[in-house]
Amino acid sequence: MGAETEPTPETVALVRIRPNPAQDEVTVTFLLNQAGSAQVRLLDLQGRVQQQHTYKGVAGQNERVSRVGSLATGLYAVEVSFEGQRIIQ
């Protein structure tokens, strides 16, 4: 039998996106295991980047507001990237 490895803790976790549906702005709340540069992207269903922002995140809970009123009505995904890990919702 091989040696068991302990699971590595997540570096980023996407907590919530509100309001859903959104009209003018959307608030993305995410957790980071340490301070650092985090990227938040808004993607259309074809995977094209509609908005992209980089933030100096803090360890723990982070909250970022994006203006979405200029985007066409439709479904979008939010991607948060940090330390090589991506979370999409």
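What counts, and at which threshold
Residues numbered from 1 in each chain as written. Predicted model: local features only at pLDDT ≥ 70, side-chain atom pairs only at ≥ 80, totals over all residues. Heavy atoms only, no water. Helix = DSSP H or I, 4+ residues; strand = E, 2+ residues; numbered from the N terminus. Buried < 20%, exposed > 50% of the residue type's maximum accessible area, 1.4 Å probe, protein only. Contact = heavy atoms within 4.5 Å. pLDDT = per-residue confidence, 0-100. Pairing = 2+ DSSP bridges. Axes fitted to C-alpha atoms, helices over the stretch in contact; angles between N-to-C directions.

A. Fine view of the environment of R64. Among the structural elements, R64 can be located in strand β5 (residues 60-67). Relative accessible area serves as the criterion here: at 21%, R64 is assigned to the partly exposed category. Spatially, the C-alpha atom of R64 lies 6.5 Å from that of T29, the residues being 35 residues apart in sequence. Excluding residues within four positions of it along the chain, R64 makes contact with V26, T27, V28, F30, Y55, K56 and G57.

B. Just the confidence of the model for the protein chain, in detail. The predicted model of the protein chain has a mean per-residue pLDDT of 89, with 90% of residues at 70 or higher. Segment residues 1-8 is flagged for pLDDT under 50; beyond a separation of four residues in sequence, or across chains, it makes zero contacts in the model.

C. Expanded view of the side chain of T27. By secondary structure assignment, the location of T27 is in strand β2 (residues 25-32). What makes T27 buried here is its relative accessible area of 13%. Those residues in contact with T27 that lie beyond four places of it in its chain are R16, I17, R18, E63, R64 and V65.

D. Region of the structure containing the sheet that holds strand β6 (residues 76-82). If you walk across this open sheet you meet the four strands as β4-β3-β6-β7, and the pairing is antiparallel. In the strand order of this sheet, the two ends are held by β4 (49-57) and β7 (85-88), each with one partner. Each adjacent strand pair in this sheet contributes to an overall mean axis angle of 20°, direction not counted. Across six bridges, strand β3 (residues 36-44) lies against β6 in antiparallel orientation. Pairing of V40 across the sheet is with V80, part of β6.

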